[in-house]
Amino acid sequence: MINDNKNKYNSISVEDIDDFFRSESDRSRDSLFHNYQKLMAYYRCAIMEISTKFNVLNEEFSLQYDRNPISNIKSRLKKISSMKEKLEKNGHPFTLDSIENNLNDVAGIRVVCSFPDDVYMLADAFVKQDDINLIAKKDYIKNPKSNGYRSLHLIVTVPIFLAHEKRIMKVEIQLRTIAMDFWATLEHQLRYKKNIEFTDDVAKELFLCAELSAELDSRMDALRDKIQLDAKIIE
Ligand code: 0O2
C-alpha cells in the first residue's frame, strides 16, 4: 500500500515573507506573498501529477505481477530558507523568477521501491511518458557518492493544466530502495542534528553501513529470483 500521506508542504506565513523580503515596501510584500503562494501551489500541482503517475505504474505492475514495486511515496516543497541559501550560494538573486528558473528541487518527490530493479523499471516507464521531459539524471546507484549515498535522481518537467493556462513545472524525483532509504534517512538525521563535520572514523563507519545496505539489496534480489524460480519448478 502506498503511503502518500506524508507530504510536507511548508506553509508560509506573512511573517516569514516579511523576514525574507524585509527590504520591500508593505504593498510589494503583500503582492510578493500572494505570488509566492501561487507559485508554491503550482509546485504542489506538479507533485500531484507526478505522484499520480507513479501510483498508476504501481497499480498496473501489481495487477500484472502480484506485488507492489513501490513501498511508499513522499513529497516536500523546499523551505524558503533553503531556497534562499541555495540561490545565494550559487550567485543567483533571491526572487520568485529566480526560484523558478534557477532551482530544480523546489518540488521534490521520493519514490521508495522494493528492489533495485524496480527503481530502473519505474524510472524508464515514467520518463517514456510523452508529457514528461527529462532534464537531468544522476545515477548514484551505479555510481554511489563517496560517502556511500545511493539513489537515482531525475530532474523533469511536467505540465500542469490550470483554468486558463498551462504551466511547465520542474520537479526533482529521487528513486531508491527501502535499504537505500533507511541509510539515507539516518545519515541525513545524524548530519543535520549535529551541525558538525563527521570525523574520519564516523564517515568510514557510515560508508560501511551503506555498503551493507547495498549487499542487503542484492541478497534480497537473489532471494526473490530464487523464490520465483522455485515457484515455476513446482508449476
Ligand atoms: P533536502 O532537504 O533533501 O532537499 P543540484 O540540486 O543538482 O544543484 P545538489 O543539491 O548537490 O545539486 O544535487 P544532488 O547531489 O542531486 O542532491 C540533492 C538531494 O539529494 C539532497 O537534497 C538530498 O535530498 C539528497 N542527497 C544527496 N546527497 C546526499 C547524501 O550524501 N546523504 C543524504 N542523506 N542525502 C543526499 P538537499 O538539498 O541536500 O536537501
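Let me sum up the structure you'll find in this document. (Residues numbered from 1 in each chain as written. Predicted model: local features only at pLDDT ≥ 70, side-chain atom pairs only at ≥ 80, totals over all residues. Heavy atoms only, no water.)

Sheet faces and side chains relate simply in a regular strand, where the side chains alternate between the two faces. Of all 10 residues making up strand β4 (residues 152–161), 9 are buried, and the element is well covered by its neighbours. As paired elements, strand β3 (residues 133–139) and β4 share 6 bridges and run antiparallel to each other. By the bridge assignment, Lys 138 is partnered in β4 with His 153. When β4 meets strand β5 (residues 166–177), the two strands line up antiparallel, connected through 10 bridges. Bridge pairing links Pro 159 to Ile 168 in β5. (Buried < 20%, exposed > 50% of the residue type's maximum accessible area, 1.4 Å probe, protein only. Helix = DSSP H or I, 4+ residues; strand = E, 2+ residues; numbered from the N terminus. Pairing = 2+ DSSP bridges.)

What holds strands together in a sheet is hydrogen bonding between their backbones, with the strands either parallel or antiparallel. Spatial ordering of the open sheet is given by β1-β2-β5-β4-β3, a layout of 5 strands whose pairing is mixed. The outermost strands of the open sheet, each flanked by one partner alone, are β1 (70–77) and β3. On average, each strand axis in the sheet is tilted by 25° relative to the strand beside it, whichever way the strands run. Looking at chain direction, strand β2 (residues 107–113) and β5 are connected through 6 bridges and run parallel. In the sheet register, Ile 109 faces β5, and the bridge partner there is Ile 173. (Axes fitted to C-alpha atoms, helices over the stretch in contact; angles between N-to-C directions.)

A few words now on the layout of surface pockets. Its boundaries defined by the atoms lining it, the largest pocket holds a volume of some 1,800 Å³. Contributing to the lining of the largest pocket are 40 residues, with Arg 76, Arg 110, Gln 174, His 188 and Tyr 192 lying nearest its centre. Elements that contribute at least two residues to the lining of the largest pocket include exactly β1, α3 (80–89), β2, β3, β4, β5 and α6 (178–193). Considering each element in turn, the lining of the largest pocket owes the most residues, 7 residues, to α6. Split by residue class, the lining of the largest pocket holds 10 nonpolar, 12 polar and 18 charged. (1 Å grid on protein atoms, 1.4 Å probe; cavity = no way out; pocket = protein on both sides within 12 Å on 5 of 7 lines; lining within 4 Å. Points joined across faces, edges and corners; volume = space filled by probe spheres on them. Nonpolar A, V, L, I, M, F, W, Y, C, P; charged D, E, K, R; others polar.)

Bringing empty space enclosed by the protein into the picture now. Tallied over the entire structure, the rule returns 1 cavity of 30 Å³ or more. In this structure, the largest cavity spans a volume of roughly 30 Å³. Around the largest cavity sit Gly 148, Tyr 149, Arg 150, Met 180, Trp 183, Ala 210 and Ser 213, which together line it. Of all the elements in the fold, those that place two or more residues in the lining of the largest cavity are α6 and α7 (200–234). Here the lining of the largest cavity is composed, by residue class, of 4 nonpolar, 2 polar and 1 charged.

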